[in-house]
Amino acid sequence: VSFRQRVLSTEWSALAVAILIGFSILSLLSPAFLTEFNLYVMLRSFCVVLVVAFAQMLTLAVGQLNLSIGALGGLVAIAVGGMMEKFGLPVGLAILIGVLIGVAGGLVNGLLTVRTGINGFIITLATASAFEGVNLGITRSIPFYNLPPGFVAFGTERFFAMPYLLIPPVIVAIALGFFLARTVPGRYLLAVGGNAQAAELSGIPRDRIIILAHALSGLLAAVGAILAVAQLGSAQPTIGADWLIISFAAPIIGGAALTGGHISVAATALAVVLIVLIQNGMVLAQVDPYWVEFMLGALILAAVGLNRLRAIRAGAA
Amino acid sequence: MTLSASAHDRPGLGAWVAEQSGAIGLAAIVILLWIVFMSLAPGFVSSFNLFAISRSVAVDIVIGFSTMVVLATGGMNLAIGAIGVCSVMLAGYLMQVQGWPMATALAAALFLGGLLGWINGFAIVRSGVNAFIITLATASLFMGGMLILTKAIIYNGVPPEIAAFGRLRWNFVSPLLLIAIVIGAALIVLFRFTTLGREILAAGANARAAELSGVPVGRVIIIAHTLSGLLAASAGLMLLTRLGAAMPSIGQDWLLPSFLAPVLGGTLLSGGAVSIVGAALGALLVATIRSGLLILQVGNFWLQLFLGVMLLLAVLLDRYRNVYAERRGLGRRT
């Protein structure tokens, strides 16, 4: 097998090609594209989206889905902001508690799904509404603005084009790749998603793995929310409100199957790069911001169609 | 009343009660809540508040129906809000900018709803991809397309008759409620007495078995989605009469109520069974709680939490009711 064939056979080759083409076109057409500041802006908007996409990817891995990522994120965001502003907790402690809230929310999702046997769609639709209700009930839609300067600075400062905000998502991506490829629970996760029954028959604790996936999804939603607070410099109750479509778009464009067992950290990350690149191109071209929403829908449909074509070809070959 | 793919006449009152236990229980909860709210806040049954409830429950019922008809096939439709707002904006544009007569504009809006629903169904059947993903994508496609075309403006120059109809009162009931009831009756006829209705339920209960017995499953799913789009457009137009203006923000908060009503009413997510009366009762329950909390001044902020917890309780209760019914050897649900 030649190098060329190997590259073409990997799932994300099409994504990589699309990103290269987009990158070349934008750098040729727009002089503003390759400036240090624009690269910084792009990398900065990459951070939250990547972690949110991973949060959904983990539930997709076990054949579940999580509609409550955004609502849970919003709850964590205002909890962290409130703890820092109202109670004056140190940044590290506030972040730790925020992450724990995320894990707890994910555990609730997982336990309810597994114990009741009810479709995860309905469970997370209900918990999403509950999380959002708590968020609005506590904040009355009023954001927390007075956050510690060090925390806000972390969200804005940069090393040349590299925002410091990028450090946590990169760590998360590497840890997740290692977890899924090299650890026993990670392999179990994919096995349960691939064929739950076969996994159970081979002695994998299926229910515990599904709960684990939901808990990790909640954890990543919390990390995404905390990054969003740092990025915005204030804890807005609306954080997470627009995460639903993007959380599904990236893993699915990256080739994840809704039936589970088939996900890729690298492909999901590349899908996020592509989305951010297109968004940035639209901003540079001064297109109506509404095109972004339209484009996300079209991209998902295109990805789904391409996957389908590839599956048919593979079946015919 | 629960209509399911395998519903045949079960003799005896006991079996009937078991089969209707969901709807009866739901009606009991609604009545109980009305008594509670009436005793806590006399303003709850003022003719003004009853009128307000009848208007909002009418729209909620049709939104619930819109999701129910696709749940019957075992699918779902996340694009209901997007379809609703696209139809409303088209109606507003045609009447205000193009000066179309009201009836033609409303008909065109309904047609657009059906067409967008058909696109959903066609994409789902042809691609073989999960309805969740397809409608999630088309929701953002429709919404984005609408915003690009309209630039998110509000059409508030629609004929005054529209808002007048929305304000119309028959004592303490809005005529909108009658529209919702007529639609419900039509759906009962569809699912109980027509081949198409039975085919939709059969396709939802077991697509393979239905296909083998000659049901054109693909076509049936496309029809169900077309119907769902049509109902979403109807709900949007009903909301248009209430608001008196075509606003791009319509439909953004439909997702939860669209599932609440049918799921509370006993429609299964796995397909093959619908309950039209149940969905209407479910919508009434949601409207009751919303209005009651508002009157008690609990505040809109906690409403979301209540609705979420209620949905959880409802599905849990349904779960244990089924287990109990099976143990007692009473009506078996499909």
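Calculation rules
- Within every chain, residues take consecutive numbers counted from 1 along the sequence as written.
- Whichever chain is written first is A, and whichever ligand is written first is 1; the rest continue in order.
- Predicted model: local features are reported for residues with pLDDT of at least 70 only, side-chain atom pairs are reported and counted for 80 or more only, and whole-chain, interface and lining totals are derived from all residues.
- Values shown for side chains rest on all heavy atoms present in the structure; no hydrogens or waters enter the calculation.
- The secondary structure listing takes helices from DSSP runs of H or I that are at least 4 residues long and strands from runs of E that are at least 2 residues long, numbered from the N terminus.
- It is over C-alpha atoms that the radius of gyration is taken, and the globule rule equals 2.2 Å times the number of residues to the power 0.38.
- The classification of residues rests on relative accessible area computed with a 1.4 Å probe and restricted to protein chains. Under 20% of the type maximum is buried, over 50% is exposed, and intermediate values are partly exposed.
- Only the protein chains shown count as covering a residue, and every accessible area follows the Shrake-Rupley method with a 1.4 Å probe.
- We score Asp and Glu as negative and Lys and Arg as positive, and we do not count His or the chain ends.
- In this description, the location of a charge corresponds to atom NZ of lysine, CZ of arginine, CG of aspartate or CD of glutamate.
- pLDDT: the predictor's confidence for each residue, scored from 0 to 100.
- As used in this record, nonpolar core signifies buried Ala, Val, Leu, Ile, Met, Phe, Trp, Tyr and Cys residues forming a set joined through side-chain atoms within 4.5 Å.
- In what follows, residue pairs with any heavy atoms lying within 4.5 Å of each other are defined as contacts.
- A pair of aromatic rings is counted whenever rings of Phe, Tyr or Trp (Trp by its six-membered ring) have centres within 6.5 Å, and the orientation is called stacked for planes under 30 degrees apart, edge-to-face for over 60 and tilted otherwise.
- Whether a charge sits over a ring depends on NZ of Lys or CZ of Arg being within 6 Å of the ring centre and within 35 degrees of the ring normal.
- We define a salt bridge as a side-chain nitrogen of Lys or Arg found within 4 Å of a carboxyl oxygen belonging to Asp or Glu.
- Buried surface area refers to the total accessible area, computed with a probe of radius 1.4 Å, that the two partners give up upon joining, counted for both partners together.
- Any N or O atom pair separated by 3.5 Å or less is treated as a polar contact, with the protein-specific requirement of one donor-capable and one acceptor-capable atom, and with residues adjacent in sequence counted only for side-chain atom pairs.

J.: For this particular structure, what's the right way to read the overall build of chain A?
T.: Each helix and strand counted, chain A has 14 helices and 2 strands in total. A globule of 317 residues ought to have a C-alpha radius of gyration of about 20 Å, and chain A, at 20 Å, matches this closely. Dimensions of chain A, computed from the C-alpha atoms along their principal axes, are close to 65 × 55 × 35 Å. For chain A, the residues scored as buried account for 52% of the 317 residues in total. Entry remark: accessible area of chain A is about 14,000 Å², with carbon and sulfur atoms responsible for 69%. Both charge centroids of chain A, one from 14 positive and one from 10 negative side chains, sit 12 Å from each other.

J.: How should I be thinking about the overall build of chain B in this particular structure?
T.: When helices and strands are counted, chain B shows 13 helices and 2 strands. Taking 20 Å as the expected radius of gyration for a compact globule of 334 residues, we find that chain B reaches 20 Å, a close match to that expectation. Seen along its three principal axes, the alpha-carbon backbone of chain B occupies a region of about 60 × 55 × 30 Å. Accessible surface computed for chain B: about 14,100 Å², of which carbon and sulfur atoms make up 68%. Side chains of chain B carry 18 positive and 9 negative charges; the gap between the two charge centres is 3 Å.

J.: How should the confidence of the model for chain B be read in this particular structure?
T.: Note that predicted coordinates carrying low pLDDT should not be read in detail. With 91% of its residues at a pLDDT of 70 or more, chain B shows a mean pLDDT of 89. For this predicted complex, the interface score ipTM comes out at 0.89, while the overall pTM is 0.91.

J.: Would you mind going over the nonpolar core with me for this structure?
T.: Soluble globular proteins tend to bury their nonpolar side chains together. Core analysis: the largest hydrophobic core is formed by 208 residues, its most contacted members being A:Phe121, A:Leu180, B:Phe132, B:Leu187 and B:Phe191. The biggest single contributor to this core is helix α3 (residues 36–61) of chain A, with 15 residues. Excluding anything up to four places from it in sequence, B:Leu187 contacts B:Phe65, B:Met68, B:Val69, B:Leu227, B:Leu231 and B:Ile276.

J.: Can you walk me through the packing of aromatic side chains in this structure?
T.: For any two aromatic rings, the description comes down to two numbers: the centre-to-centre distance and the angle of the planes. Tallied over the entire structure, the rule returns 11 aromatic pairs over all chains. Ring geometry for A:Phe248 against B:Phe132: centres 4.8 Å apart, planes inclined by 65 degrees, an arrangement best described as edge-to-face. On the criterion of chain membership, the pair formed by A:Phe248 in helix α12 (residues 243–253) and B:Phe132 in helix α5 (residues 131–150) is interchain, its members lying in two chains. Accessibility assignment for this pair places A:Phe248 and B:Phe132 in one class, buried. Connected via pairs of aromatic rings, a cluster forms that spans A:Phe121, A:Phe248, B:Phe132 and B:Phe259. Between the NZ or CZ atom of A:Arg158 and the centre of the ring of A:Tyr40, over which it lies, the distance is 4.9 Å. Its end group placed over the ring of B:Phe51, B:Arg169 keeps NZ or CZ at 4.8 Å from the ring centre.

J.: Just to check I follow, could you spell out the pattern of salt bridges for this structure?
T.: Opposite charge on two side chains allows them to pair when their charged atoms are near. Residues and elements named next belong to chain A. By the definition in use, this model includes 6 salt bridges over all chains. Notably, a salt bridge pairs arginine 158 with glutamate 36, separated by 3.2 Å at the nearest N-O pair. One end of the pair, arginine 158, is in strand β1 (residues 158–159); the other, glutamate 36, is in helix α3, and 122 residues separate them in sequence. Look at arginine 158 and you get partly exposed, because its relative accessible area is 36%.

J.: What is the right way to read the interface of chain B and chain A from this model?
T.: Size of an interface, as often reported, equals the accessible area lost when the parts are brought together. Between chain B and chain A, the contact holds 36 residues from the first and 40 residues from the second. Note on chain B versus chain A: buried area summed over both sides is about 3,400 Å², and carbon and sulfur give 80% of it. Counting across the interface, chain B meets chain A through 1 salt bridge. Here B:Lys151 and A:Asp288 are joined by a salt bridge, their closest N and O atoms 3.2 Å apart. The tally of links from chain B across to chain A stands at 6 residue pairs in polar contact (both at pLDDT 80 or more). Among the elements of the structure, α5, α11 (255–264) and α13 (303–327) of chain B are those that each provide at least two residues to the side of chain B that touches chain A. Here the side of chain B that touches chain A takes 13 residues from α5(B), the largest share from any one element.

J.: Which parts of the structure should I look at to understand unusual backbone geometry?
T.: For residues other than glycine, phi is negative in most cases, and the peptide bonds are mostly trans. Residue and element names in this part refer to chain B. Here the phi dihedral of alanine 152 falls at roughly 60 degrees; this positive angle occurs in a residue that is not glycine. Note on placement: alanine 152 falls in the loop between α5 and α6 (160–167). If you check the backbone angles, asparagine 171 has positive phi at about 50 degrees while not being a glycine. By the element assignment, asparagine 171 lies in the loop between α6 and α7 (175–193). On the basis of relative accessible area, asparagine 171 is assigned to the exposed category, the value being 67%.

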